[in-house]
Amino acid sequence: MALRGVYEISKVLAVPGRLETTLANVLTLLSSFLDMRHGLVTLLDEDGTPVNVVGIGWREERAGAWFGRIPEQAVDRIFTTGMPVVVQNMQKSSLFPGWSFEGPEPKHSRASFIGVPIKDRNDVVGTLTIEQIWDESTTYHAADEDVRFLTMVANLIGQTVRLLEMVQRDRERLMEQQRMLEKELIRDNPSSSGSSKKGKASNIGIVGTSPALQNALQQIRRVARSHSAVLLRGESGTGKELFARATHDFSPRAKKPFIKLNCAALPESVLESELFGHEKGAFTGAVAQRKGRFELADGGTLFLDEIGDTSSAFQVKLLRVLQEGEFERVGGTQTIKVDVRLVCATNRNLEEMVSKGEFRADLYYRINVVSVRLPALRDRREDIPQLAREFLRRFDEEHHTEHQLSPSAVRVLESCYFPGNVRELENCVRRTATLAHEDRIGEGDFACRNDECLSATLWKSAVSAPFPIVQPRAERTYSEREDEEADVVFDRDAPEDAPADNVKIGQRELMRALESTGWVQAKAARMLGLTPRQIGYAIRKYGIEVRKF
């Protein structure tokens, strides 16, 4: 029984969530393995003073009531000695002066008590205690077994508390480092009214000169002058964080903090503390008062990525801050006012989520004052060579190497669809540079030319795949005889800027590719190993009327 109980409780402790709720679930599960009336977890500070108490049926608004149930003398003895305490009859023990049953007293019954220390290495950081009811005629025989079981559970709780405190300390250290780095960046690159717009864009890492990109940047520059909330929309990998930073750098708040948070990366209980901060002792691991992201961004800009992945309960709390500019820290009562410019980002359809009741309409109107749509990489193909060379430069700088992209390598990149956008392009460049045999990267160095393209594999199994995977000629579904019957010999080696007469592809093969891909030319080009420009030449050559659906 003990091993099974430890196994089940370890699974509960492994699930991310607020510690108080997790410990309450542990006690509830513990009650199914032990015949217990009450269970209590008491976490202590360095002086042995209770800072957090959790019992079965615990709720945050009733937390204070549990403090009154602490068996103080028994807890003090456990804390002082670091040893378990077992009391067979609480009514007759000096550790429980004036103790009595709650409600009507069961006839011919006695209450026993077992308490074990929760330790972090050799230090007692809390206690796990239970009460059991026994019939007077029953021999109290299971104390040793129960003590061993509870000690194992307490050890698991101690490890969990220790890990949370380590994560909290590391988080605070990283946040402090981030604040120091941002101050240094502001000091080294102060915003200047004389800075050119082009230079400003390059400083924030946005690379490209395509019309689609420049149009988005122009919108960002206009929006940045105001204090209105901005919603950045676009597919994953389009660089929403860079555009959020640009909104901050182009604004009058440029010398103030720019704070960011990915809402999808944290559970709701942690997300609330991250944004609003907490008071000391608000929960286990809250060893000191800590400011949240809203306070850190006061006077500056707060960027909330993946805003569409937040819960309805959290959206209500966020809405109040946006409406009134004030909030309370977790575990606190003091109202804090802040002046924050909010920039949000999402790759989800918020309008559809609002219609389905998955996203609050009032919050949608608050964050969507100005909406800027970021172009996908396939809509700014002119930027692919420049982006690829920039990513290759960063790779070489990081690894102390020197690589170059050949013209054939650039053509391979320009012909790709890149469903993962700029992020996928960067990964493609870094992978190719890592595995390249020579310093000059050629066409044959790319994974897609060796049937190892992960993106093609992923999108092949997707419902809304943007293009079929490139297959070797021997794997095609049509036969070589049908190719021989085609009007013109198929030539995949023609340069992409070749005139129409030099792009040799059979009309029958071209029609099959177009029909199998729903007449989407980019998909058909990918299937045939051509560029969209080449397949356009072939369509015009044969006078094929493009069907639209």
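Here, every reference points to the structure presented above.
So, here's what we can say about the structure. (Residues numbered from 1 in each chain as written. Predicted model: local features only at pLDDT ≥ 70, side-chain atom pairs only at ≥ 80, totals over all residues. Heavy atoms only, no water.)

### Comments concerning the overall build of the chain
For the chain, the count of helices and strands is 21 helices and 14 strands. Out of the 549 residues belonging to the chain, those deemed buried represent 47%. By element, 49% of the accessible surface of the chain is carried by carbon and sulfur atoms, the whole surface being about 28400 Å². (Helix = DSSP H or I, 4+ residues; strand = E, 2+ residues; numbered from the N terminus. Buried < 20%, exposed > 50% of the residue type's maximum accessible area, 1.4 Å probe, protein only. Areas by Shrake-Rupley, 256 points an atom, 1.4 Å probe, with all protein chains shown as cover.)

### Description of unusual backbone geometry
Of note in this structure, Arg 121 is not a glycine but carries a positive phi near 60°. Exposure remark for Arg 121: the relative accessible area of 61% places this residue in the exposed category.

### Re the packing of helix 9 (residues 268–276) against helix 11 (residues 312–324)
At a closest axis distance of 10 Å, the pairing of helix 9 and helix 11 adopts a crossing angle of 10°. Overall, the two elements helix 9 and helix 11 adopt an arrangement that is roughly parallel. For the pair helix 9 and helix 11, contact is made by Glu 268, Leu 271, Glu 272, Leu 275 and Phe 276 and by Ala 313, Phe 314, Lys 317 and Val 321, respectively. (Axes fitted to C-alpha atoms, helices over the stretch in contact; angles between N-to-C directions. Parallel < 35°, antiparallel > 145°, perpendicular 65-115°, else oblique. Contact = heavy atoms within 4.5 Å.)

### Overview of the packing of aromatic side chains
Following the criterion strictly, the structure yields 8 aromatic pairs and no others. With a centroid separation of 6.5 Å and 15° between ring planes, the pair formed by Phe 258 and Phe 303 is classed as stacked. In this pair, Phe 258 sits in strand 7 (residues 258–262) while Phe 303 sits in strand 8 (residues 301–305), placing the two residues 45 residues apart along the sequence. With respect to burial, Phe 258 and Phe 303 carry one shared label: buried. Relative to Phe 327, the ring of Phe 294 has its centre 5.9 Å away and its plane inclined at 40°; by these criteria the two rings are tilted. Of the two residues, Phe 294 is situated in helix 10 (residues 293–296) and Phe 327 in strand 9 (residues 326–328); the sequence distance between them amounts to 33 residues. What makes Phe 327 buried here is its relative accessible area of 2%. Ring pairing ties together the aromatic residues Phe 276, Phe 294, Phe 314 and Phe 327, which thus form one cluster. (Phe/Tyr/Trp six-rings, centres within 6.5 Å; stacked < 30°, edge-to-face > 60°.)

### Details of helix 14 (residues 384–399)
When the terminal C-alpha atoms of helix 14 are compared, their 22 Å separation across 16 residues agrees well with the 22 Å that a helix rising 1.5 Å per residue should span. Taken as a whole, helix 14 has its buried residues at Ile 384, Pro 385, Leu 387, Ala 388, Glu 390, Phe 391, Leu 392, Phe 395 and Asp 396. At its buried positions, helix 14 is contacted by strand 13 (404–405), helix 15 (407–415), helix 16 (421–435) and strand 14 (440–441). At the exit of helix 14 stands His 400, carrying a positive phi of roughly 55°. (Expected span 1.5 Å × (residues − 1).)

### Quick word on the pattern of salt bridges
Considering all chains together, one arrives at 23 salt bridges under this definition. With its nearest N and O atoms 3.4 Å apart, the salt bridge here joins Asp 249 to Arg 245. Of this pair, Asp 249 and Arg 245 both sit in helix 8 (residues 240–249), separated by 4 residues, roughly a single helical turn. The exposure class assigned to Arg 245 is partly exposed, which follows from its relative accessible area of 21%. Note that Arg 329 and Glu 279 form a salt bridge whose closest N and O atoms lie 3.0 Å from each other. Of this pair, Arg 329 sits in the loop between strand 9 and strand 10 (335–337) while Glu 279 sits in the loop between helix 9 and helix 10, placing them 50 residues apart in sequence. Residues Arg 329 and Glu 279 agree in their burial class; the two are buried. If you follow the salt bridges from partner to partner, you end up with Arg 320, Glu 324, Glu 326, Glu 328 and Lys 337 in one network. (Salt bridge = Lys/Arg side-chain N within 4 Å of Asp/Glu carboxyl O.)

### Considering the sheet that holds strand 2 (residues 50–55)
Here we have 5 strands laid out as an open sheet, ordered 2-1-5-4-3, and antiparallel in their pairing. Both outer strands of the open sheet, strand 2 and strand 3 (85–87), are each paired with one neighbouring strand and no more. In this sheet, neighbouring strand axes are inclined to one another by 15° on average, regardless of whether the strands run parallel or antiparallel. Bridging between strand 1 (residues 38–44) and strand 2 involves 5 bridges; their strand directions are antiparallel. From the neighbouring strand, Thr 42 faces strand 2, where its bridge partner is Val 53. Its contacts with the sheet put helix 2 (residues 19–33) on strand 1, strand 2 and strand 5 (123–135), and the angle it makes with strand 2 is roughly 45°. The sheet contacts of helix 4 (residues 72–81) involve strand 1, strand 3, strand 4 (109–120) and strand 5, and relative to strand 5 the element is tilted by about 135°. (Pairing = 2+ DSSP bridges.)

### Remarks on the side chain of Thr 301
Mapping Thr 301 onto the fold places it in strand 8. A polar contact is formed between the side chain of Thr 301 and the side chain of His 248, at a distance of 2.8 Å. (Polar contact = N/O pair within 3.5 Å; in protein donor to acceptor, adjacent residues only side chain to side chain.)

### Regarding the sheet that holds strand 7
Read across the sheet, 5 strands follow the order 7-8-11-6-12 without closing on themselves; strand pairing throughout is parallel. Across the chains shown, the open sheet's two edge strands, defined by having one partner strand only, are strand 7 and strand 12 (370–373). When strand polarity is set aside, the average angle formed by the axes of neighbouring strands in this sheet is 20°. Relative to strand 11 (residues 341–346), strand 8 runs parallel, the two sharing 4 bridges.

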